[in-house]
Protein chains: 2
Amino acid sequence: MAVRTNAHFQELKGSYLFSEVGRRIAAFQEKNPDRDIIRMGIGDVTRPIPQVIVDAMKRAADEVGTKEGFHGYGPEQGYLFLREAVAGYYQGFGVTVPPEDIFISDGAKSDLGNLGDIFDAECSVLVTDPVYPAYVDSAVMSGRKVFYAAATVENGFLPLPEEGMQGDIIFLCSPNNPTGAVMTREMLAQWVDFARKNGRLIVFDAAYECFIRDSGVPHSIFEIEGARECAMEICSFSKKAGFTGLRCGYTVVPHELMAGGISVRDLWFRRQSTRFNGTSYITQRAAEAVFTPEGEEAVEVNLEYYRENAAILSDMLTECGVKHTGGKNAPYIWMQCGTSEENVMDSWEFFDRLVEETGIVGTPGSGFGKGGEGYFRLTAFSTRKNTVEAAERMRRFFAAMK
Amino acid sequence: MAVRTNAHFQELKGSYLFSEVGRRIAAFQEKNPDRDIIRMGIGDVTRPIPQVIVDAMKRAADEVGTKEGFHGYGPEQGYLFLREAVAGYYQGFGVTVPPEDIFISDGAKSDLGNLGDIFDAECSVLVTDPVYPAYVDSAVMSGRKVFYAAATVENGFLPLPEEGMQGDIIFLCSPNNPTGAVMTREMLAQWVDFARKNGRLIVFDAAYECFIRDSGVPHSIFEIEGARECAMEICSFSKKAGFTGLRCGYTVVPHELMAGGISVRDLWFRRQSTRFNGTSYITQRAAEAVFTPEGEEAVEVNLEYYRENAAILSDMLTECGVKHTGGKNAPYIWMQCGTSEENVMDSWEFFDRLVEETGIVGTPGSGFGKGGEGYFRLTAFSTRKNTVEAAERMRRFFAAMK
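Residues numbered from 1 in each chain as written. Chains lettered and ligands numbered in written order. Predicted model: local features only at pLDDT ≥ 70, side-chain atom pairs only at ≥ 80, totals over all residues.

(A) Fine view of the overall build of chain A. Secondary structure assignment for chain A yields 12 helices and 15 strands. Taken over C-alpha atoms, the radius of gyration comes to 21 Å for chain A, in line with the 21 Å a tight globule of 402 residues would show. Taking the principal axes of its C-alpha atoms as reference, chain A extends roughly 60 × 55 × 55 Å. Within the span of chain A, comprising 402 residues, buried residues form 59% of the whole. In chain A, the proportion of contacts linking residues at least 24 apart, taken out of those at least 6 apart, comes to 70%. (Helix = DSSP H or I, 4+ residues; strand = E, 2+ residues; numbered from the N terminus. Rg over C-alpha atoms; globule rule 2.2 N^0.38 Å. Buried ≥ 20, exposed ≤ 12 C-beta atoms within 10 Å, placed from the backbone. Contact = placed C-beta atoms within 7 Å.)

Structure below.
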């Protein structure tokens with residue numbers, strides 16, 4: 001018998017969203033080499049890594065250059081020093097997580113993609129629509145059936161569980177990517193109840209929790225009673241501390257979480273110790289520094305910078321009469337592709353026109369799912385200069401539209 | 001329907017080999033807190049990272065701490081500067097690999113585990129026995145049927161393809177882990193011919209190629225004609241440059257490699273851009289430094305150190321009359337668990353007795369598969385002091401055995 005590829009890859013819709021965005025920008029730039037592009041598409045940060053974290057990396061680099069300080073293979077689950085620091089961070093939300101239930105990884109995207117390995121291939125997936133495309137693409141690659149819960153203006157882009165909803169593994173993201181919408185404790189509790197009653201498992205993506213400032217918004221699903229019996233949580237240093245290029249995340253799998261009498265934590269441990277070999281020691285020391293008082297302070301300065309960027313964009317949209325959500329407790333702004341119901345464009349048309357007329361690159365809402373059609377995502381992660389400039393250009397763009 | 005775990009995980013044999021080794025050492029140390037342990041079990045290196053590589057990491061850390069030098073998300077496939085450096089390294093063996101076919105990862109273990117994602121779940125796997133357990137465990141987790149080709153004294157621990165051998169995906173590792181045996185060009189060519197004639201795909205694990213000194217031993221499967229049409233290759237900086245704690249590897253998937261008319265390279269690209277987000281920028285700069293003249297020189301000093309360790313162990317075994325292979329062109333020594341056919345023990349018994357009587361930890365051959373029973377793996381990666389001390393202790397151990 002000849003080797004065969006995974007046919008489910010053929011069911012994927014075109015290229016990965018951000019690759020397609022990149023392709024279109026490259027094509028635009030080739031045609032317009034002199035045009036000045038402002039990138040607000042991919043959710044990448046721009047603030048440099050704070051000095052205290054740089055220093056931690058340099059110390060770690062020096063350390064592995066010495067006989068006594070050399071570090072080879074670390075624990076696949078991550079060093080205890082970092083798992084304890086993460087546990088301390090959780091304690092700040094009033095959540096007790098034992099370090100044994102924390103798994104350090106090279107980033108949330110890896111964990112979000114790989115976690116499917118430990119579940120039955122027949123298990124289906126429920127996502128909200130629009131949705132971060134990696135959840136869906138990963139599920140499709142594994143041949144899983146994907147169900148969608150519509151996130152609409154009517155439900156504030158926050159669908160709630162309903163009797164009869166399908167999907168064995170439920171992906172929830174709050175603060176949400178791409179809509180910037182945030183769940184209250186009460187909303188999240190409804191999902192936890194639903195999952196427990198129906199034997200579902202929630203994967204809670206907390207990648208943007210660091211943007212939360214309202215006390216009514218939970219940072220972790222484990223703030224909700226009963227969540228340990230039905231949920232795992234994935235988080236990242238990417239947005240909190242600018243680690244998009246340094247690669248570090250963590251996944252919490254409570255030892256209380258069982259599926260069919262089997263410990264999900266133990267399976268994840270087995271998966272990670274077989275198909276992963278730990279995160280760079282240098283990166284783990286960098287991540288540890290994030291949780292020092294000096295680190296927390298430096299990180300907060302950057303988060304505040306991005307929050308102000310979000311406010312600049314949000315104020316501009318309000319001024320222009322463009323309906324939008326997000327930007328509060330979240331780094332993403334989710335806007336309609338027009339100033340009124342009459343002139344709303346479809347997402348890729350808006351993408352193309354915006355690049356063409358202003359040089360601003362955002363992310364077409366339809367790239368996040370059917371429910372994103374007619375919407376567009378802006379990020380607050382640009383530099384202040386570019387954010388102010390983008391707001392100015394968009395002001396003119398929308399003025400011309402009316 | 002309730003969420004269900006992947007039942008194939010229950011088919012795994014106990015814990016991952018090196019976790020079991022770790023468990024037994026911990027138990028031994030608890031009972032014997034004063035005993036001095038020499039670890040030659042897990043294949044972890046001990047030489048510190050060369051200064052030129054440390055400097056590269058520190059420069060990169062400083063860089064990301066500045067506005068101008070900040071690096072966020074890199075290309076999922078790895079930075080071109082590193083892919084070009086790897087291509088240059090291949091050129092040194094006379095192999096031309098375009099940078100587009102090179103994928104930088106966080107280590108060979110991740111790639112070896114994850115590559116199954118792109119192949120049909122029904123595809124079976126062929127491995128040699130004994131074998132690096134991650135190949136088998138990964139295949140079992142995915143529900144793949146695993147076939148074994150016996151590596152025995154009779155075939156010099158290098159099984160060759162035979163008519164009727166099954167297994168759609170063939171894992172080959174040379175220099176071999178655990179046996180230290182190396183394939184000649186002619187042997188590897190037989191596998192390439194077999195794969196091409198029978199529509200199989202070879203995954204060539206070249207993690208130990210840096211130990212090769214004999215010109216008759218290929219560093220890369222792509223030295224063999226026709227290999228680009230049937231093979232992908234996985235390599236690592238772990239052993240070459242001591243990156244076990246820094247995490248970097250690379251996988252070459254030639255654009256010529258097709259399966260059922262589909263480009264395997266394109267599927268791997270899609271997999272990696274969906275379930276992975278690139279390797280740490282700091283680590284990639286470290287890896288780049290490995291290929292500078294100063295880096296190559298420093299790395300060679302360390303490799304030579306390990307080669308001398310291998311010679312010390314091999315000479316001791318010869319002196320004691322213990323049959324063994326490896327240690328030449330390879331960092332592993334594969335020895336019989338006794339001084340003659342009469343006193344050969346089974347592998348775990350030998351493991352326990354060796355720890356008990358000498359404090360030396362090696363890896364039981366049976367942990368690498370049925371064919372490893374009665375054998376034991378030693379590594380050359382220890383410090384010189386410990387290697388010399390271990391050789392002395394084993395000399396006494398074997399003398400008492402006769």
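(B) Structural detail: the interface of chain A and chain B. On the chain B side, the residues contacting the 73 residues of chain A number 73 residues. Mapped by element, the contributors of at least two residues to the side of chain A that touches chain B are helix 2 (51–64), helix 4 (108–114), helix 5 (133–141), helix 8 (264–275) and helix 9 (281–290) of chain A. The element best represented in the side of chain A that touches chain B is helix 2 of chain A, accounting for seven residues. The residue inventory of the side of chain A that touches chain B, partitioned by class, reads 32 nonpolar, 26 polar and 15 charged. (Nonpolar A, V, L, I, M, F, W, Y, C, P; charged D, E, K, R; others polar.)

(C) Layout of the pairing of strand 15 (residues 375–379) of chain A. Residue and element names in this part refer to chain A. Of all five residues in strand 15, five are buried, a share of seventy percent or more. Alternating residues of strand 15 divide into Tyr375, Arg377 and Thr379 and Phe376 and Leu378, and every residue in both groups is buried. Direction of pairing for strand 12 (residues 332–336) relative to strand 15: antiparallel, over a ladder of five bridges. Of the residues in strand 15, the one forming a bridge with Tyr332 is Thr379. (Pairing = 2+ DSSP bridges.)

(D) Seen up close, the nonpolar core. Met57(A), Ile170(A), Ile202(A), Met57(B) and Ile202(B) are the most contacted members of the largest nonpolar core, which totals 264 residues. Among all residues touching Ile170(A), those that are not within four sequence positions of it are Leu126(A), Trp191(A), Ala195(A), Arg200(A), Leu201(A), Ile202(A) and Val203(A). (Core = buried A, V, L, I, M, F, W, Y, C linked by C-beta atoms within 7 Å.)

(E) Region of interest: the sheet that holds strand 14 (residues 363–364) of chain A. Residues and elements named next belong to chain A. Strand order in the open sheet formed by four strands is 11-12-15-14, and the pairing between neighbours is antiparallel. Of all the strands in the sheet, the pair left with one neighbour each is strand 11 (324–326) and strand 14. Contacting strand 11, strand 12 and strand 15, helix 10 (residues 293–320) crosses the sheet at an angle of about 15 degrees to strand 12. (Axes fitted to C-alpha atoms, helices over the stretch in contact; angles between N-to-C directions.)

(F) Here's a closer look at the relation of the copies chain A and chain B. In the superposition of chain A on chain B (RMSD 0.0 Å, axial shift 0.0 Å), the rotation amounts to 180 degrees. Viewed as a symmetry operation, the transformation between the two copies matches a two-fold axis. No C-alpha of chain A lies nearer the rotation axis than that of Lys58(A), which sits 2.6 Å from it. (Least-squares fit on C-alpha atoms with pLDDT ≥ 70 in both.)

(G) Just the confidence of the model for chain A, in detail. On average, residues of chain A carry a pLDDT of 96, and 100% of them reach 70 or more. The ipTM for the predicted assembly is 0.96, set against a pTM of 0.96. (pLDDT = per-residue confidence, 0-100.)

(H) View of the domain arrangement of chain A. Residues and elements named next belong to chain A. Looking at chain A, the domain boundaries give domain 1 (15–44 + 295–401) and domain 2 (51–291). Here the C-alpha centre of domain 2 lies 26 Å away from the C-alpha centre of domain 1. It is helix 10 that contributes the most residues to the side of domain 1 that touches domain 2, seven residues altogether. Of the residues contributing to the side of domain 1 that touches domain 2, the split by class is 11 nonpolar, 13 polar and five charged. (Domains from an automatic or database assignment.)

(I) Main features of the packing of helix 2 (residues 51–64) of chain B against helix 9 (residues 281–290) of chain B. All names here are of chain B. Direction vectors running N to C along helix 2 and helix 9 enclose 145 degrees, while the axes themselves pass 8 Å from each other. Judged by the twist between their axes, the crossing of helix 2 over helix 9 is right-handed. Across the interface between the two elements, Val52, Ile53, Ala56, Met57, Arg59, Ala60, Ala61 and Val64 of helix 2 pack against Tyr281, Ile282, Arg285, Ala286, Glu288, Ala289 and Val290 of helix 9. Grouping the constituent residues of the contact of helix 2 with helix 9 by class yields 12 nonpolar, no polar and three charged. (Left-handed = near helix turned anticlockwise from the far one by under 90°.)

(J) Up close: helix 8 (residues 264–275) of chain B. Residue and element names in this part refer to chain B. Over its 12 residues, helix 8 extends 16 Å from the first C-alpha to the last, a length consistent with the 16 Å expected when each residue adds 1.5 Å. For helix 8, the tally of buried residues reaches 11 of 12 residues, placing the bulk of the element in the interior. For helix 8, the full list of buried residues reads Val264, Arg265, Leu267, Trp268, Phe269, Arg270, Arg271, Gln272, Ser273, Thr274 and Arg275. (Expected span 1.5 Å × (residues − 1).)

(K) Expanded view of the sheet that holds strand 8 (residues 249–252) of chain A. All names here are of chain A. Taken together, seven strands build an open sheet; the order of strands is 2-8-7-6-5-3-4 and the sheet is mixed. In this open sheet, the two edge strands, each paired with only one partner strand, are strand 2 (102–105) and strand 4 (146–150). Pairs of neighbouring strands in the sheet enclose a mean axial angle of 25 degrees, with direction left out of account. The strands touched by helix 3 (residues 80–91) within the sheet are strand 2 and strand 8, with strand 2 carrying the most contacts at an inclination of about 115 degrees.

(L) Structural detail: helix 2 of chain A. With 14 residues, helix 2 of chain A extends 20 Å between its outermost C-alpha atoms, agreeing within 8% with the 20 Å of an ideal straight helix rising 1.5 Å per residue. When we look at burial in helix 2 of chain A, the residues that qualify are Ile53(A), Val54(A), Ala56(A), Met57(A), Lys58(A), Ala60(A), Ala61(A) and Val64(A). Summarising the contacts, the buried residues of helix 2 of chain A are in contact with helix 7 (238–241), helix 9 and helix 10 of chain A together with helix 2 and helix 9 of chain B.

(M) Summary view of the environment of Thr283(B). Relative to the elements of secondary structure, Thr283(B) occurs in helix 9. Since 27 C-beta atoms lie within 10 Å of it, Thr283(B) is described here as buried. Sequence spacing of Thr283(B) and Lys370(B) is 87 residues, and the spatial spacing of their C-alpha atoms is 37 Å. Non-local contacts of Thr283(B), meaning those with residues more than four positions away in its chain, are made with Ser280(A), Leu246(B), Arg247(B) and Cys248(B).

(N) Representation of the pairing of strand 8 of chain A in the model. Residues and elements named next belong to chain A. Every second residue of strand 8 is oriented toward a common face, with Gly249 and Thr251 on one face and Tyr250 and Val252 on the other, all of them buried. As paired elements, strand 2 and strand 8 share four bridges and run antiparallel to each other. Its bridge partner being in strand 8, Ile102 is matched across the sheet by Val252. The pairing of strand 7 (residues 231–236) with strand 8 spans four bridges and is classified as antiparallel.

(O) Geometry of the environment of Ala150(A). All names here are of chain A. For Ala150, the location among the structural elements is in strand 4. A tally of 14 C-beta atoms within 10 Å means that Ala150 is categorised as partly exposed. Discounting residues that sit within four places of it in the chain, Ala150 has contacts with Asp129, Pro159 and Gly371.

(P) The arrangement of the packing of helix 10 of chain A against helix 12 (residues 384–401) of chain A in detail. All names here are of chain A. Helix 12 packs onto helix 10 with a crossing angle of 10 degrees between their chain directions and a minimal axis gap of 10 Å. Here helix 10 is positioned roughly parallel relative to helix 12, judged by the angle of their axes. Along its contact with helix 10, which presents Tyr305, Asn309, Ile312, Leu313, Met316 and Cys320, the element helix 12 presents Arg384, Thr387, Val388, Ala391, Met394, Arg395 and Phe398. Split into classes, the residues belonging to the contact of helix 10 with helix 12 amount to nine nonpolar, two polar and two charged. (Parallel < 35°, antiparallel > 145°, perpendicular 65-115°, else oblique.)

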